[in-house]
Amino acid sequence: MHRTLADDLSRLPELLQSARDVAARELADLAERPVAAPGPAPGRAPLPDEGAGGTGALARFAERWAPGFSGSAGPRYLGFVTGGATPASVAGDWLTSAFDQNLSGAGGSWAAELERETVAWLRELFGLGEAHSGAFVTGATASNTVGLAIAREWLGERLGVDVSRAGAAALGPVDVLSGSPHSSVAKALSVLGIGRDRLRRVPLLPGNREAVDVTALETALAELGGRPAIVVANAGTVNTVDFDDLRAIAALKERYDFWLHVDAAFGGFAALCPEYAALVDGLDAADSVCVDLHKWLNVPYDAAVQFTRRRDLQVAVFHNASPYLGPPTGEPDFLHLTPENSRRLRALPAWFSLVAYGRAGHREIVERNVALARRLGEGIDAVPGLRLLAPVRLNVVCFTLAQDPSPERVDALERAVADSGETYVTPTVYGGVPALRAAFSNWRTTETDTRRALEVLAAASA
């Protein structure tokens, strides 16, 4: 064994304690450290010939790179839809690396059963029935891709084509209908060989909405003349957290032949709260569902889950035929259900957080985040230099400059907010207007954090 490796092995408990100390210092200061990275990154160093050992690497990281990492796990990072990591999920994530289980198969480990238990808990959390099976993937993009891959196989079933063998070209042109699809849907269609241009946008409800007009959707389906299609519905749009009427869309399946995929990346968490659960009424009728967990479940990146009613078609798409892997019979190993063969135990941080805080603890995070988003929305509405572009429906505040919201002026506002180090928001365009959006999904965020974010936004827009 190389002498540095041997030395690290002999001192492993001390090395882990040192890493723990660095992490503890970073997390203790997280609420006050700059939310966005200050200044340019250091230049690239040459590859070391003789290593510095674990302790040396830790010291070099802490000195050279850690100061430029964002405070994205902190309470005032309101960009994208970024959760933090609950204490229990961090513990679970550390143990994931320590145990280093490969979830390609179930042989010799109980890890796969832990993932199945976690998926079952999540299925219950989101109000799905036992007809839905699931698996962990990296994020919403992977989850949407898996769901749409199963939908593609379903289209082949309807048309008498084995897509997993003959390829997507055997289907001919595919019709994919959606009102306000997330960008990852188009990316998934590209990856799957269906094509970005096959995504057809259906008119939305009037009145500053992002929800699909179900009457217009029915018209679009009728125009297909009975040809099977894919419908991508939204349970929480990115800009304004609008929800399609899932129950009404599902009812159309009585008259039209389509696969219903629901992108509930973060909006699915509305199911946790009695006040908002009606927004996802009908989710159980979906053929496939995407939910992202490193958003509102507040587990470390990367983690998401996908659900489907058609595990048989999922296996047809993703099974890996090799003697050393075994056939996908009975309860298939996860390597037969997702694009990955090599899979880390992503379920463990989620399992830790669910055991530690339960349904009630995670419901409190959702309810508090929604209340704080509405508080920020009310504050922005009272700032002369800013204006809301949509009602605060759940946990995202979409706003812009009150006067002349040109791309240049909105970009300058975004930079000024980021440069303050106090908070971070991301740009968007809503209704053709350049805008900013603040998303609340972090378990640490408080009313004080919200007030500080508002103060920065007000000062930067003055």
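Residues numbered from 1 in each chain as written. Predicted model: local features only at pLDDT ≥ 70, side-chain atom pairs only at ≥ 80, totals over all residues. Heavy atoms only, no water.

## Observations regarding a nonpolar patch on the surface
Here is step 1: A contiguous nonpolar patch, built from Met 1, Leu 5, Leu 9, Leu 12 and Leu 16 and spanning about 550 Å² of accessible area, is present on the exposed surface.
Here is step 2: Of all elements in the fold, only helix 1 (3-10) and helix 2 (12-28) reach the threshold of two or more residues within the nonpolar patch.
Here is step 3: Along the polypeptide, Met 1 turns up in the segment before helix 1. (Patch = residues over 30% accessible without salt bridge, like charges linked within 9 Å, V, L, I, M, F, W, Y side chains within 5 Å. Areas by Shrake-Rupley, 256 points an atom, 1.4 Å probe, with all protein chains shown as cover. Salt bridge = Lys/Arg side-chain N within 4 Å of Asp/Glu carboxyl O. Helix = DSSP H or I, 4+ residues; strand = E, 2+ residues; numbered from the N terminus.)

## Focus on the sheet that holds strand 7 (residues 304-308)
Here is step 1: Here seven strands make up an open sheet; going across it, the order is 1-7-6-5-4-2-3 and the pairing mixed. If you trace the sheet from one side to the other, it starts and ends with strand 1 (133-137) and strand 3 (199-201), each paired once. Here the strands of the sheet are splayed against their neighbours by 20 degrees on average, with no regard to which way each runs.
Here is step 2: Bridge count between strand 1 and strand 7: five bridges; the pairing is antiparallel. Its bridge partner being in strand 7, Ser 133 is matched across the sheet by Thr 308.
Here is step 3: Packing against the sheet, helix 9 (residues 214-222) makes contact with strand 2 (176-178), strand 3, strand 4 (229-234) and strand 5 (258-263), and its axis sits at approximately 170 degrees to strand 2. (Pairing = 2+ DSSP bridges. Axes fitted to C-alpha atoms, helices over the stretch in contact; angles between N-to-C directions. Contact = heavy atoms within 4.5 Å.)

## Examining the layout of surface pockets
Here is step 1: Here the largest pocket defines a volume of roughly 930 Å³.
Here is step 2: Around the largest pocket, the lining comprises 29 residues; the ones closest to its centre are Ala 23, Glu 26, Leu 27, Phe 69 and Ala 73.
Here is step 3: In terms of residue count, the dominant contributor to the lining of the largest pocket is helix 2 (five residues).
Here is step 4: Of the residues assigned to the lining of the largest pocket, the class counts are 18 nonpolar, six polar and five charged.
Here is step 5: When its volume is computed, the second largest pocket comes out at roughly 560 Å³.
Here is step 6: His 182, Ser 183, Ser 184, Val 238 and Lys 295 are the residues nearest the centre of the second largest pocket, which is lined by 28 residues in total.
Here is step 7: Contributing elements (two or more residues each) for the lining of the second largest pocket: helix 6 (140-159), helix 8 (183-191) and strand 3.
Here is step 8: The greatest single-element share of the lining of the second largest pocket, amounting to four residues, is contributed by helix 8.
Here is step 9: Here the lining of the second largest pocket is built from residues that sort into 10 nonpolar, 11 polar and seven charged. (1 Å grid on protein atoms, 1.4 Å probe; cavity = no way out; pocket = protein on both sides within 12 Å on 5 of 7 lines; lining within 4 Å. Points joined across faces, edges and corners; volume = space filled by probe spheres on them. Nonpolar A, V, L, I, M, F, W, Y, C, P; charged D, E, K, R; others polar.)

## Re the environment of Leu 47
Here is step 1: Inspection of the secondary structure puts Leu 47 in the loop between helix 2 and helix 3 (53-64).
Here is step 2: A relative accessible area of 80% places Leu 47 in the exposed class.
Here is step 3: Between the C-alpha atoms of Leu 47 and Asp 284, which are 237 residues apart in sequence, the distance is 52 Å. (Buried < 20%, exposed > 50% of the residue type's maximum accessible area, 1.4 Å probe, protein only.)

## A short note on the packing of aromatic side chains
How two aromatic rings sit relative to each other is set out by the distance from centre to centre and by the angle between their planes.
Here is step 1: The full count for this structure, using the stated rule, is seven aromatic pairs.
Here is step 2: Ring geometry for Phe 61 against Phe 69: centres 5.5 Å apart, planes inclined by 75 degrees, an arrangement best described as edge-to-face.
Here is step 3: Phe 61 sits in the partly exposed class, given a relative accessible area of 31%.
Here is step 4: Here Phe 69 falls in the partly exposed class, since its relative accessible area comes to 46%.
Here is step 5: Taking 5.6 Å as the distance between ring centres and 65 degrees as the angle between the ring planes, the aromatic pair formed by Trp 351 and Phe 352 counts as edge-to-face.
Here is step 6: Given a relative accessible area of 23%, Phe 352 falls into the partly exposed group.
Here is step 7: Grouping aromatic residues by their ring pairs yields a cluster made of Trp 121, Trp 351 and Phe 352.
Here is step 8: Its end group placed over the ring of Phe 258, Lys 253 keeps NZ or CZ at 6.0 Å from the ring centre. (Phe/Tyr/Trp six-rings, centres within 6.5 Å; stacked < 30°, edge-to-face > 60°. Lys NZ or Arg CZ within 6 Å of the ring centre and 35° of its normal.)

## Quick notes on the sheet that holds strand 8 (residues 386-388)
Here is step 1: Pairing is antiparallel across the open sheet formed by four strands, whose spatial order is 8-9-11-10. Each end of this open sheet is capped by a strand with a single partner; those strands are strand 8 and strand 10 (426-430). Ignoring which end each strand starts from, the neighbouring axes of this sheet average 45 degrees apart.
Here is step 2: Sheet strands in contact with helix 14 (residues 407-420) are strand 8, strand 9 (396-401), strand 10 and strand 11 (433-439), and its direction is about 25 degrees off that of strand 11.

## Considering the side chain of Asp 333
Here is step 1: Mapped onto the fold, Asp 333 is located in the loop between helix 12 (311-318) and helix 13 (347-381).
Here is step 2: Contact partners of Asp 333, with chain neighbours within four places excluded, come to Ser 104, Gly 105, Ala 106, Arg 116 and Leu 325.

## A few points about helix 12
Along an α-helix, residues three or four apart share an orientation, since each turn contains 3.6 residues.
Here is step 1: Across the eight residues of helix 12, six count as buried, placing the element largely inside the fold.
Here is step 2: The complete set of buried residues in helix 12 reads Arg 311, Leu 313, Gln 314, Val 315, Val 317 and Phe 318.
Here is step 3: Elements in contact with the buried residues of helix 12: strand 1, helix 6, helix 7 (163-166), strand 5 and strand 7.

## Points about the environment of Leu 189
Here is step 1: If you trace the backbone, Leu 189 turns up in helix 8.
Here is step 2: Overall, Leu 189 belongs to the buried group, its relative accessible area being 0%.
Here is step 3: It is 41 Å that separates the C-alpha atoms of Leu 189 and Ala 62, two residues lying 127 residues apart in sequence.
Here is step 4: Discounting chain neighbours no more than four positions away, the residues touching Leu 189 are Leu 148, Val 176, Ile 194, Gly 195, Arg 196 and Leu 199.

## Thoughts on the pattern of salt bridges
Here is step 1: A complete count under the given rule lists 33 salt bridges for this structure.
Here is step 2: When the shortest N-O distance is used, the salt bridge between Arg 200 and Glu 223 registers 2.8 Å. Here Glu 223 lies in the loop between helix 9 and strand 4 and Arg 200 lies in strand 3, a separation of 23 residues in the sequence.
Here is step 3: For Arg 200, a relative accessible area of 35% translates into the label partly exposed.
Here is step 4: Given the relative accessible area of 53%, Glu 223 is considered exposed.
Here is step 5: Between Arg 374 and Glu 275 there is a salt bridge; the shortest N-O distance is 3.9 Å. Taken together, the positions of Arg 374 in helix 13 and Glu 275 in the loop between strand 5 and strand 6 (288-292) put the pair 99 residues apart, joining distant regions of the chain.
Here is step 6: A cluster of three or more residues bridged by salt bridges with shared partners is formed by Glu 32, Arg 76, Glu 422, Asp 449 and Arg 452.

Honestly, it's all geometry; don't read function into it.
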